[in-house]
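Reading the structure
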Amino acid sequence: MLGSAIIFAGFVLGGTTGSQYLQYAIQAGQFDDCFDYSSGIAVKVKCDQKEQDKVMLLALSLGLIGGGVIILVKGIRGKWDQNVKSDEMLGPKNG
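The present account deals with the structure reproduced in this document. Remember, predicted model here, so these are calculated numbers, not experimental data.

1. A closer look at the packing of helix H1 (residues 2–18) against helix H3 (residues 47–76)
Look at H1 against H3: their axes get within 7 Å of each other, and the N-to-C directions meet at 165 degrees. When the interaxial angle is binned, H1 and H3 end up roughly antiparallel. Helix-helix and strand crossings are classified by hand; for H1 and H3 the assignment is left-handed. Of the residues in H3, those touching H1 at Leu-2, Gly-3, Ser-4, Ile-6, Ile-7, Ala-9, Gly-10, Phe-11, Leu-13, Gly-14, Thr-17 and Gly-18 are Leu-57, Leu-60, Ser-61, Leu-64, Ile-65, Gly-68, Val-69, Ile-71 and Leu-72. In terms of residue class, the contact of H1 with H3 is built from 13 nonpolar, 8 polar and no charged.

2. Brief notes about the state of the cysteines
Per the counting criterion, the structure on display carries 1 disulfide. One disulfide bridge connects Cys-34 with Cys-47, the sulfur atoms lying 1.8 Å from each other. Torsion about the S-S bond of the Cys-34 and Cys-47 cystine: about 110 degrees, corresponding to right-handed handedness. With Cys-34 in strand S1 (residues 34–36) and Cys-47 in helix H3, this pair connects stretches of sequence that are 13 residues apart. Like Cys-47, Cys-34 is buried.

The rules behind each value
Residues numbered from 1 in each chain as written. Predicted model: local features only at pLDDT ≥ 70, side-chain atom pairs only at ≥ 80, totals over all residues. Heavy atoms only, no water. Axes fitted to C-alpha atoms, helices over the stretch in contact; angles between N-to-C directions. Helix = DSSP H or I, 4+ residues; strand = E, 2+ residues; numbered from the N terminus. Parallel < 35°, antiparallel > 145°, perpendicular 65-115°, else oblique. Left-handed = near helix turned anticlockwise from the far one by under 90°. Contact = heavy atoms within 4.5 Å. Nonpolar A, V, L, I, M, F, W, Y, C, P; charged D, E, K, R; others polar. Disulfide = S-S within 2.5 Å. Buried < 20%, exposed > 50% of the residue type's maximum accessible area, 1.4 Å probe, protein only.

Put into structure tokens, the structure is as follows:
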């Protein structure tokens, strides 16, 4: 359950915040200067800094997704549910 939530958080983080860097990628490819229009006024920003921010966000998102996959795999292969003592088991008792 925890692994699925972490994977979902990774996709949400990458999907929602990653789209804001699209405009800087387009500006860097077409022009020499990048501008931020979020405040209503064109503010000059460093294209390299925005590209670095995008890569860090991608790394964080992939890290969350990878960590969630590792938690899921370890949960599937885990042994804590097989090592339950007989007096701690719930449900009907056999014999």
